[in-house]
Amino acid sequence: MDEVRRKMLMKFPSLIPKNGDCTEYDGYIQILDEEYRINITLPKDGTLRDTKLTCEWRLEQVLKKYDKIVKQRLIQCENLPAFLDELKNIAEKQLSFQEQNHPSYSKTNCAQLISELEKIGWEHVISVDADFQSFQIMYVDVKERKHVMRIKLHLQHPKQAPTVTVDLPTKFDVVWTSTSSLLDVYNQFIHNVDLYQDLWNNLNELDSKTWILEPDNPTYAATNRRIAISASASVQITVDPKHPSSLPEIKFLGSNQATGPLRENMTSNLHLWNENESLLSSLSTVLGVTFPSPSDTKKEDFSADCGICYSYRLGTEIPEEVCNDSRCGQPFHQTCLIEWLRGLPSYRQSFHTIFGECPYCGTPITVKMSVNSM
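Being a predicted model, the structure only gives us computed values, none of them experimental. (Residues numbered from 1 in each chain as written. Predicted model: local features only at pLDDT ≥ 70, side-chain atom pairs only at ≥ 80, totals over all residues. Heavy atoms only, no water.)

### A look at the overall build of the protein chain
Alright, step 1. Along the backbone of the protein chain there are 10 helices and 17 strands.
Alright, step 2. For the protein chain, whose C-alpha radius of gyration is 31 Å, the value lies well above the compact-globule estimate of 21 Å for 374 residues.
Alright, step 3. The C-alpha extent of the protein chain, read off along each of the three principal axes, is 95 × 45 × 40 Å.
Alright, step 4. Accessible surface computed for the protein chain: about 20700 Å², of which carbon and sulfur atoms make up 50%.
Alright, step 5. One way to put it: in the protein chain the 39 positive side-chain charges average out to a point 4 Å from where the 49 negative ones average out. (Helix = DSSP H or I, 4+ residues; strand = E, 2+ residues; numbered from the N terminus. Rg over C-alpha atoms; globule rule 2.2 N^0.38 Å. Areas by Shrake-Rupley, 256 points an atom, 1.4 Å probe, with all protein chains shown as cover. Lys, Arg positive; Asp, Glu negative; His and termini not counted. Charge placed at Lys NZ, Arg CZ, Asp CG, Glu CD.)

### Focus: the sheet that holds strand β3 (residues 34–41)
Alright, step 1. The four strands lie next to each other as β1-β2-β3-β4, forming an open sheet whose pairing is antiparallel. At either margin of the open sheet sits one strand with a lone partner, and together these are β1 (15–17) and β4 (52–55). Between one strand and the next, the sheet's axes are offset by a mean angle of 20°, whatever the strand orientation.
Alright, step 2. The pairing of β3 with β4 spans four bridges and is classified as antiparallel. Counterpart to I40 in the pairing with β4 is L53. (Pairing = 2+ DSSP bridges. Axes fitted to C-alpha atoms, helices over the stretch in contact; angles between N-to-C directions.)

### Overview of unusual backbone geometry
Alright, step 1. Residue P158 follows H157 across a cis peptide bond; omega there is 5°.
Alright, step 2. Mapped onto the secondary structure, P158 falls in the loop between β7 (146–152) and β8 (163–165).
Alright, step 3. With omega at -10°, the peptide bond leading from E214 into P215 counts as cis.
Alright, step 4. In this structure, C22 is a non-glycine residue whose phi angle is positive, near 55°.
Alright, step 5. Within the secondary structure, C22 is located in the loop between β1 and β2 (24–31).

### Observations concerning the pairing of β3
Alright, step 1. With eight bridges connecting them, β2 and β3 associate as antiparallel partners. Considered in β3, the bridge of D26 is made with N39.

### Regarding the packing of helix α7 (residues 197–209) against helix α9 (residues 279–287)
Alright, step 1. Put simply, α7 and α9 touch, their axes get as near as 8 Å, and they point 65° apart. Counted together, N202, L203, E205, L206 and K209 of α7 and L279, L280 and L283 of α9 form the full contact between these two elements.
Alright, step 2. Split by residue class, the contact of α7 with α9 holds five nonpolar, one polar and two charged. (Contact = heavy atoms within 4.5 Å. Nonpolar A, V, L, I, M, F, W, Y, C, P; charged D, E, K, R; others polar.)

### Focus: the pattern of salt bridges
Alright, step 1. All chains considered together, the criterion is met by 11 salt bridges.
Alright, step 2. Of the charged contacts in the structure, one is a salt bridge between K171 and D173, with a shortest N-O distance of 3.7 Å. An identical accessibility class is assigned to K171 and D173; each is exposed.
Alright, step 3. Residues joined by salt bridges that share partners form a network here, namely E34, E56 and R58. (Salt bridge = Lys/Arg side-chain N within 4 Å of Asp/Glu carboxyl O. Buried < 20%, exposed > 50% of the residue type's maximum accessible area, 1.4 Å probe, protein only.)

### Things to note about the environment of Q156
Alright, step 1. Along the polypeptide, Q156 turns up in the loop between β7 and β8.
Alright, step 2. Taking C-alpha positions, Q156 is 40 Å from P13, a pair spaced 143 residues apart along the chain.

### Describing the nonpolar core
Side chains of a nonpolar character, in soluble globular proteins, are inclined to be buried together.
Alright, step 1. In terms of nonpolar packing, the biggest core is built from 45 residues, with F135, I151, L206, L283 and F291 touching the most fellow members.
Alright, step 2. Ranked by residue count, the leading element in this core is helix α6 (residues 182–195), at six residues.
Alright, step 3. The residues contacting F291, other than those within four sequence positions of it, are T210, I227, A228, I229, V235, L280, L283 and S284.
Alright, step 4. Of all hydrophobic cores here, the second largest spans 25 residues; its members include C22, L48, L63 and V70. (Core = buried A, V, L, I, M, F, W, Y, C linked by side-chain atoms within 4.5 Å.)

### Regarding α9
Alright, step 1. Within α9 the residues assigned to the buried category are L279, L280, S282, L283, V286 and L287. Looking down the long axis of α9, one finds its buried residues gathered within 165° of arc, a one-sided arrangement.
Alright, step 2. Its buried side turned inward, α9 meets α7, β10 (224–230), β11 (233–238), β12 (249–254) and α8 (256–269).
Alright, step 3. Remark: G288 follows α9 within two positions and exhibits a positive phi of approximately 70°. (Arc of directions from axis to C-beta.)

### Section: the packing of aromatic side chains
The description of an aromatic ring pair uses the distance of the two centres, along with the angle that the planes make with each other.
Alright, step 1. Tallied over the entire structure, the rule returns seven aromatic pairs.
Alright, step 2. Ring geometry for F132 and F135: centres 6.2 Å apart, planes at 80°, overall edge-to-face. Take F132 and F135: they sit in the same class, and that class is buried. (Phe/Tyr/Trp six-rings, centres within 6.5 Å; stacked < 30°, edge-to-face > 60°.)

### Re the sheet that holds strand β6 (residues 134–140)
Alright, step 1. Here we have four strands laid out as an open sheet, ordered β5-β6-β7-β8, and antiparallel in their pairing. Only two strands of the sheet have a single partner each, and these edge strands are β5 (125–128) and β8. Taken pair by pair, the neighbouring strands of this sheet meet at an average axis angle of 15°, ignoring direction.
Alright, step 2. Where β6 lies against β7, seven bridges are found, and the strand directions are antiparallel. Residue F135 lies in a different strand from β7, and its bridge partner there is I151.

### Some thoughts on the packing of α8 against α9
If you want to describe how two helices pack, look at the angle between their axes and the distance between the axes.
Alright, step 1. Two elements in contact, α8 and α9, have axes whose closest approach is 7 Å; the angle formed by their N-to-C orientations is 105°. Accordingly, the angle class assigned to the pair α8 and α9 is roughly perpendicular. Where α8 abuts α9, its residues L262, N265, M266 and N269 lie against T285, V286 and L287. (Parallel < 35°, antiparallel > 145°, perpendicular 65-115°, else oblique.)

Functional significance is not addressed by these values, which are geometric in nature.
Laid out in structure tokens, this is it:
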């Protein structure tokens, strides 16, 4: 028996070679008062550079912050026993640090948290930090939408409620007592997610069957959509998350010539709004339009760039000021148009309204200044 094998047998008797040339070990390594399962596969050339190390979930969390150091020591250590000694030292220091800085997180508490996660189901657990303070847990709803809840435990856990972050359209208030568990929080999360299925079903239909100009990548918390109607008109809606089929807040964006008929249609057809139909269907009926579809149009046809700065976005601003001449219909950022009009010799202002000519066609154009523009 060579020196390396002798040291392995003496120092790590619970790690058993799985083949005759000792290129794979499987078993347990003791760190402080705990045993952790690990598996090591060595390259046949005898070096440690391409060694494959896998370990059980508990040890993986402890070593997570030291991944680069572990890989570096694999390259630098002269043999496997020396590397395992350093691995133990890194893990012991991290575990000791956790106990010193988080005394409330005893082994009993960690075991309790593991038990709670098991009740939730490991298939729902996305991540757990090494300190057992932060968790990411996922719930998949009936439409296969994935919802993630982030939990950060209070240092006085379980006496104090954890901090919970979710992507929901209304505030999520956790009901917590000193006897509550992670499973209780998870069940509350599921209940709240299920409350908004109708909302997301309606919004998903809008997202898939119309051109959404804003927001670009709506989150589950977003209840607003700006929907393209034509190159010179769009409609901004804000939906009541608890009553998604009811009439939303509606704002028309575009030239007066393009949005005027839409306003008239809505006034005439408001009585036709049907809460038993989908949001898209009722919008189409009340506005008297067929929304452009991604199946036969391009988004670029509706998200026109500003005619002054030649970009779509200016910070958080989009081109919402439009020339009223139907032969032009050029959109502009409010900020860009105000600056342009102020530079004209014919610049006129009355209270909060600026008068001038369209930079493209010379048609008279007005723009109202917001508080930030004054």
